Amino acid sequence: MSEISKRTPTDFLNNILGQRVFVRLNSGIDYKGVLSCLDGYMNIALEQTEEYVEGELRNRYGDAFIRGNNVLYISAI
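Conventions adopted
Residues numbered from 1 in each chain as written. Predicted model: local features only at pLDDT ≥ 70, side-chain atom pairs only at ≥ 80, totals over all residues. Heavy atoms only, no water. Salt bridge = Lys/Arg side-chain N within 4 Å of Asp/Glu carboxyl O. Buried < 20%, exposed > 50% of the residue type's maximum accessible area, 1.4 Å probe, protein only. Helix = DSSP H or I, 4+ residues; strand = E, 2+ residues; numbered from the N terminus. Pairing = 2+ DSSP bridges.

Enquirer: I would appreciate a short explanation of the pattern of salt bridges in the present structure.
Expert: A side chain with one charge can pair with a side chain of the opposite charge if their charged atoms come near. Enumeration over the complete set of coordinates arrives at 3 salt bridges. Among the salt bridges present, the one from Arg24 reaches Asp30, with a minimum N-O distance of 2.6 Å. Classification of Arg24 as partly exposed rests on a relative accessible area of 27%. Since its relative accessible area comes to 6%, Asp30 is described here as buried. Across the pair Arg60 and Glu50 runs a salt bridge whose closest N-O atoms are separated by 2.7 Å. Taken as a pair, Arg60 in strand S4 (residues 56–66) and Glu50 in strand S3 (residues 44–53) lie far apart in primary sequence, 10 residues in all. Glu50 sits in the buried class, given a relative accessible area of 15%.

Enquirer: Quick question: what am I supposed to make of the pairing of strand S2 (residues 30–38) here?
Expert: Remark: a regular strand shows side chains that alternate across the two faces of the sheet. With 5 bridges joining them, strand S1 (residues 20–25) and S2 adopt antiparallel strand pairing. Across the sheet, residue Phe22 finds its bridge partner in S2, namely Lys32. With antiparallel pairing between neighbouring strands as the criterion, S1 and S2 make up a hairpin whose turn holds 4 residues, including Gly28 at a positive phi of roughly 95 degrees. Bridge count for S2 against S3 is 7 bridges, and the pairing is antiparallel. By the bridge assignment for S3, Leu35 is matched with Leu46. If you look at the hairpin formed by S2 and S3, you'll find 5 residues sitting between the two strands, and Met42 has a positive phi there, around 70 degrees.

In structure tokens:
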């Protein structure tokens, strides 16, 4: 079995800590920022956060905390 197929979602999340990420919520709102930490419930802390609604930049936040049950997915950018 190759090394790539052994990677888990936890490995992915640990590898992107400190990097810029794209977070989509169940509501369709998107956030881009630096992933500073997350926990087992997918609660997320972002730094240098930008909020996008329907693809349009709406707000900029220094720090943002997102409750895990609202997260649809996280992607590295």
